[in-house]
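Single-letter residue listing:
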Amino acid sequence: SSAVQQLSTSNLNQVISSLCGGACVEVDSDTEAVVNEGFKLGCISCKKRGEVQAIAFIDWFFQASDDSNFSHLYTYKDLKGHIMDQRFSERLKWKGSNNTTDLQDGSIYILNVTNNDKGTYQCIFSRTLIYKTNEVQTITTKNITINVVPQLTRGLASILSEVMMYVSIVGLQLWLVVEMIYCYRKISAAGEEALRESFHI
């Protein structure tokens, strides 16, 4: 069941992206974190034209559910990440684009999630597109609202999701069997009709 849990939408899209030769695909982040476990805050901003060179840096901000303002959480620039909010000291890791300043994936990873991590996270891409004759500055902002749940709730949701997946698979297999039987009978009937016509001739 752990393998099934790992096949989230974002993971599937990452697999597809890698198989397609590193193509960039924007997918939404997961929004439900589990207490005492790790959680990936996904933030992807693809360039409209992949052949255009660019330089980007990422800023993350956090607004706790009981706060009224955002605080600077994390920054990643020039291949280096820095934790800005001491509440997350030693609990954040970079999970975005590696070995390049042309960032398109600005994801980060929270270690040992706590109930205090519930709230809204803001990811800001500051990108400079470099053309032959000029440079263009762009800013992309994405907000992600995270809910923190106990392990039991997540386990139940995972079980239900797994059950529904198996039910869907079984249903699809039954449908395929019915279709095969229908096609076989149709082909058999057509064959018998052709034989009868040949005898009449």
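Residues numbered from 1 in each chain as written. Predicted model: local features only at pLDDT ≥ 70, side-chain atom pairs only at ≥ 80, totals over all residues. Heavy atoms only, no water.

The name recorded for the chain in an unreviewed UniProt entry is Sodium channel regulatory subunit beta-3, from Gouania willdenowi. Regarding the chain, the relevant UniProt record gives this comment under Sequence similarities (unreviewed entry): "Belongs to the sodium channel auxiliary subunit SCN3B (TC 8.A.17) family." What UniProt states about the chain under its Subcellular location (unreviewed entry) heading is, verbatim, "Cell membrane". (UniProt positions renumbered as here; feature names shortened; annotations may be inferred.)

Details of the sheet that holds strand 7 (residues 108-110)
The sheet built from three strands is open, its strands ordered 2-7-6 with antiparallel pairing. Of all strands in the sheet, those bounded by a partner on one side alone are strand 2 (39-41) and strand 6 (92-94). If you compare each strand with its neighbour and ignore which way they point, the axes differ by 30° on average. Relative to strand 7, strand 2 runs antiparallel, the two being bridged by three bridges. The residue of strand 7 that forms the bridge with Lys-40 is Tyr-109. (Pairing = 2+ DSSP bridges. Helix = DSSP H or I, 4+ residues; strand = E, 2+ residues; numbered from the N terminus. Axes fitted to C-alpha atoms, helices over the stretch in contact; angles between N-to-C directions.)

Notes on the side chain of Thr-128
Tracing the backbone through its elements, the reader meets Thr-128 in strand 8 (residues 119-130). There is a polar contact of 2.8 Å between the side chain of Thr-128 and the side chain of Gln-137. When residues no more than four places from it in sequence are discounted, the contact partners of Thr-128 are Gln-53, Ala-54, Ile-55, Glu-135, Val-136 and Gln-137. (Polar contact = N/O pair within 3.5 Å; in protein donor to acceptor, adjacent residues only side chain to side chain. Contact = heavy atoms within 4.5 Å.)

Some details on the nonpolar core
By size, the foremost hydrophobic cluster in this structure holds 25 residues, and its most contacted members are Leu-41, Ile-58, Trp-60, Leu-73, Tyr-74, Ile-108 and Tyr-121. The contact partners of Leu-41, leaving out residues within four places of it in the chain, are Ser-29, Trp-60, Ser-107, Ile-108, Ile-110, Tyr-121, Ile-144 and Ile-146. (Core = buried A, V, L, I, M, F, W, Y, C linked by side-chain atoms within 4.5 Å. Buried < 20%, exposed > 50% of the residue type's maximum accessible area, 1.4 Å probe, protein only.)

Some remarks on the environment of Ala-64
Relative to the assigned elements, Ala-64 resides in strand 3 (residues 53-64). With 52 residues separating them along the chain, Ala-64 and Asn-116 place their C-alpha atoms 7.1 Å apart.

Regarding the state of the cysteines
Counted by the stated rule, this structure contains two disulfides. In this model Cys-24 forms its disulfide with Cys-46; the gap between the sulfur atoms is 1.9 Å. With the S-S bond torsion at -80°, the cross-link from Cys-24 to Cys-46 turns out left-handed. Residue Cys-24 is located in the loop between helix 2 (9-19) and strand 1 (32-34), and its partner Cys-46 is located in the loop between strand 2 and strand 3; the two are separated by 22 residues in the primary sequence. Taking relative accessible area as the criterion, Cys-46 reaches 17% and is therefore assigned buried. (Disulfide = S-S within 2.5 Å.)

As for the sheet that holds strand 5 (residues 80-83)
In space, the six strands of this open sheet follow the order 1-9-8-3-4-5, with mixed pairing throughout. Edge strands, defined here as strands with exactly one partner in the open sheet, are strand 1 and strand 5. Ignoring which end each strand starts from, the neighbouring axes of this sheet average 25° apart. Relative to strand 8, strand 3 is paired through twelve bridges, and the arrangement is antiparallel. From the neighbouring strand, Phe-62 faces strand 8, where its bridge partner is Tyr-121.

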